[in-house]
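Chain residues, written in single-letter form:
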Amino acid sequence: MLRSGASPNAFTFPFAIKSCAALSLPITGKQLHCHVFKTGCLLEPFVQTSLISMYGKCSLIDNARKLFDENPQSRKLTVCYNSLLSGYALNSRVKDVVVLFCEMRELGVEINGVTMLGLVQPCGIPGNLGLGMSVHGFCVKFGLDMDSSVGNCLLTMYVKSGEIDCGRKLFNEMPRKGLITWNAMINGYAQNGLANNVLELYKEMESKGFCPDPVTLVGVLSSCAHLGALSVGKEVERKMEGFGFSSNPFLNNALINMYARCGNLKKARDIFDGMPVKSVVSWTAIIGGYGMHGQGEVAVELFDEMIRGGIKPDGTAFVSVLSACSHAGLTNKGLDYFGVMERKYRLRPGAEHYSCMVDLLGRAGRLNEARELIESMQVRADGALWGALLGACKIHRNVELAELAFERVIELEPTNTGYYVLLSNVYTEARNLEGILRVRMLMRERKLKKDPGCSYVEFKGRVHLFFAGDRNHPQTNEIYKKLNELENLVKDLDGCKKNDHERREEYLNSMGVHSEKLAVAFALLNTRKETEIIIIKNLRICGDCHLFIKLVSKIVDRQFVVRDATRFHHFKNGFCSCKEYW
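Residues numbered from 1 in each chain as written. Predicted model: local features only at pLDDT ≥ 70, side-chain atom pairs only at ≥ 80, totals over all residues. Heavy atoms only, no water.

- The chain is annotated in an unreviewed UniProt entry as DYW domain-containing protein of Populus tomentosa.
- What the UniProt record of the chain gives under Sequence similarities (unreviewed entry) is the line "Belongs to the PPR family. PCMP-H subfamily." (UniProt positions renumbered as here; feature names shortened; annotations may be inferred.)

If you want it as structure tokens, here you go:
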């Protein structure tokens, strides 16, 4: 346009300036600012707001403020204030957002829904919930909460802050709910680990006639992965095909994760192989899947292939491969990856990477090295890290170090009952009755209760849930009859090594009926011989049930896949994929 001799005007500049903001081109934006000045268009409100917005989006917020202050007309226009407010919010300048808003109120500048969007945005940052609730109160007082955009923003603020009940209350009270509103609530539940709520709300959304989009389905697939709800995940995949979303990379990444975490690793790999373009997220999903299933060697091969393909691993990719090395006992390989992470890729290890390394060293019996690593690291230790050391102490029956790890972990997570149970198990292995009683007393004093163990199996699209000693299932009599038959067959099984036999007798005679045993009996009663049985358990599988299922797989010649709280176990012909390294 310039080469042709035509002159830009106040209608031309906003489009070019907004494009600079969208492409993050601050130098070009500054050149346009200069051109605006030379052509005398600086006082035009839409040109000025475009420039303020551009500087904010290009992280030059002080330039935006200077431009705002140099024009007295700005202080009279809501649109200019709104642009600067959004810029401050985008740059996490929370105090400046509040001061500017107060200034608007003092000067009597009109406040509208766009103003509130800029004010609410930074309230989702941890620690700003009190401010956010004040903003919500202001919106209600002046009727701005009826604006659907403001309501959606407030809803997102609550769920990001972990105040999921406040978010749901707001959601229920909103008179008009668009797809964005449903997505905000569904993904809020997903981000807070409330997978059951996600699936319930998803069904409600569909019953109201709303058609899901890719954002909806990503949240639903992540919840299917969390719950092991394979039938719902398959239904989502069919909808992806029907709605033309099959090539969406975000959904395909979510599908890989869902199938891997629901026990169908082959399907996950098929989706991965069929993707024309694979991002680091795609590679991380499939590497993590193989790691969970105990196939660390394949996970390592994929990680190396990703690097050879020119894709730079990020911190999450390193968590996946380090975890895979830990589950498969690839100690030296894990140490090598941890070493190149910072040295070659300039990625500073976080607490999650150190947790993987502590787990890796601990499982290998190198407990002192694991402790030294914790003491030498430059990041603050979290509960998961000390918990990894506590778990390793259980495997190797190191009571003294377990007590130290327990003291540290309950300082950080005093109400996490899993750690109390873990220490109690350490004492049980060491036959330390006094220690067991001490842990029980501590839990009683703190009014803590152990999370009940549960297992479930999907059969004909329905989830069949079992608790320890459960007798509520319609097939209870048949299930217990089948279980008694299996336990008698296990006790009579010949060909066991002497130490295995002793362990088996100890386990089978001292334990109650755990939930996974009931799930096994139910599945055998109701499925065909060629069907693979997939069981999901909320806690880590115990030694009793691990040995039981391993022997049952040989007796009935069936394959069992059990997903516990940490990994998958594939049982077949009397063997487990974990190779007793779990």
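Continuing now.
### Description of the overall build of the chain
In step 1: Within the chain one finds 30 helices and six strands.
In step 2: Viewed in the frame of its principal axes, the chain has a C-alpha envelope of about 95 × 55 × 55 Å.
In step 3: Within the span of the chain, comprising 582 residues, buried residues form 48% of the whole.
In step 4: Of the contacts made within the chain by residues no fewer than 6 positions apart, 61% connect residues no fewer than 24 positions apart.
In step 5: Total accessible area computed for the chain in this model is approximately 28,900 Å², and 52% of it derives from carbon and sulfur atoms.
In step 6: Charged side chains of the chain number 72 positive and 62 negative; the gap between the two group centres comes to 2 Å. (Helix = DSSP H or I, 4+ residues; strand = E, 2+ residues; numbered from the N terminus. Buried < 20%, exposed > 50% of the residue type's maximum accessible area, 1.4 Å probe, protein only. Contact = heavy atoms within 4.5 Å. Areas by Shrake-Rupley, 256 points an atom, 1.4 Å probe, with all protein chains shown as cover. Lys, Arg positive; Asp, Glu negative; His and termini not counted. Charge placed at Lys NZ, Arg CZ, Asp CG, Glu CD.)

### A short note on the UniProt feature "repeat: PPR" (unreviewed entry) in the chain
In step 1: As annotated in UniProt, the feature "repeat: PPR" (unreviewed entry) corresponds to residues 77-111, 178-212, 248-278 and 279-313 in the numbering used here.
In step 2: Within the segment residues 178-212, helix and strand shares are 74% and 0% respectively, and the terminal C-alpha atoms sit 11 Å apart.
In step 3: A distance of 12 Å separates the end C-alpha atoms of residues 248-278, which is 74% helix and 0% strand.

### Remarks on the confidence of the model for the chain
In step 1: Averaged over all residues, the pLDDT of the chain is 91; the fraction at 70 or higher stands at 96%.
In step 2: Note on residues 494-511: pLDDT under 50 across the span, and 20 contacts to partners over four residues away in sequence or across chains. (pLDDT = per-residue confidence, 0-100.)

### Quick word on helix α23 (residues 383-396)
In step 1: The end-to-end C-alpha distance of α23 is 20 Å, a good match for the 20 Å that 14 residues give at a rise of 1.5 Å each.
In step 2: Within α23, ten of the 14 residues are buried, leaving the element largely enclosed by the surrounding structure.
In step 3: Each element contacted by the buried residues of α23 is listed here: α21 (351-363), α22 (367-376), α24 (399-412) and α25 (417-429).
In step 4: At the C-terminal side of α23, R397 shows a positive phi close to 55°. (Expected span 1.5 Å × (residues − 1).)

### Digging into the packing of aromatic side chains
In step 1: As enumerated under the stated definition, the model contains 14 aromatic pairs in all.
In step 2: For the ring pair F303 and F318, a centre distance of 5.3 Å and an interplane angle of 65° mean the geometry is edge-to-face. On the criterion of sequence distance, the pair formed by F303 in helix α18 (residues 296-308) and F318 in helix α19 (residues 315-328) is long-range, its members being 15 residues apart.
In step 3: Between F406 and Y420 the ring centres are 5.3 Å apart and the planes differ by 80°, which places this aromatic pair in the edge-to-face class. Pair noted here: F406 is in helix α24 and Y420 is in helix α25, with a separation of 14 residues, a long-range link.
In step 4: What makes F406 buried here is its relative accessible area of 6%. (Phe/Tyr/Trp six-rings, centres within 6.5 Å; stacked < 30°, edge-to-face > 60°.)

### Description of the nonpolar core
In step 1: Membership of the largest hydrophobic core comes to 145 residues, with the highest contact counts inside it found for M116, M258 and L389.
In step 2: Formed by 31 residues, the second largest nonpolar core is a distinct cluster that contains C545, L551, C576 and C578. (Core = buried A, V, L, I, M, F, W, Y, C linked by side-chain atoms within 4.5 Å.)

### Examining unusual backbone geometry
Most of the time, phi is negative for any residue but glycine, and the peptide bond is trans.
In step 1: Despite not being glycine, S24 shows a phi value in the positive range, around 55°.
In step 2: Relative to the helices and strands, S24 resides in the loop between α1 (13-23) and α2 (26-39).
In step 3: Of note, S92 is a non-glycine position whose phi angle comes to about 60°, a positive value.
In step 4: Inspection of the secondary structure assignment puts S92 in the loop between α5 (78-90) and α6 (94-107).

### Observations regarding the sheet that holds strand β2 (residues 462-467)
Remark on secondary structure: sheet strands pair via backbone hydrogen bonds, oriented parallel or antiparallel.
In step 1: The six strands lie next to each other as β2-β1-β3-β4-β5-β6, forming an open sheet whose pairing is mixed. A single partner strand is all that each edge strand has here, and the edge strands are β2 and β6 (575-576).
In step 2: Sheet analysis places strand β1 (residues 454-459) next to β2, joined by six bridges and oriented antiparallel. Following the sheet pairing, V457 is matched in β2 by H464.
In step 3: Sheet contacts for helix α30 (residues 543-555): β4 (560-563), β5 (568-572) and β6; angle to β5, the most-contacted strand, approximately 35°. (Pairing = 2+ DSSP bridges. Axes fitted to C-alpha atoms, helices over the stretch in contact; angles between N-to-C directions.)

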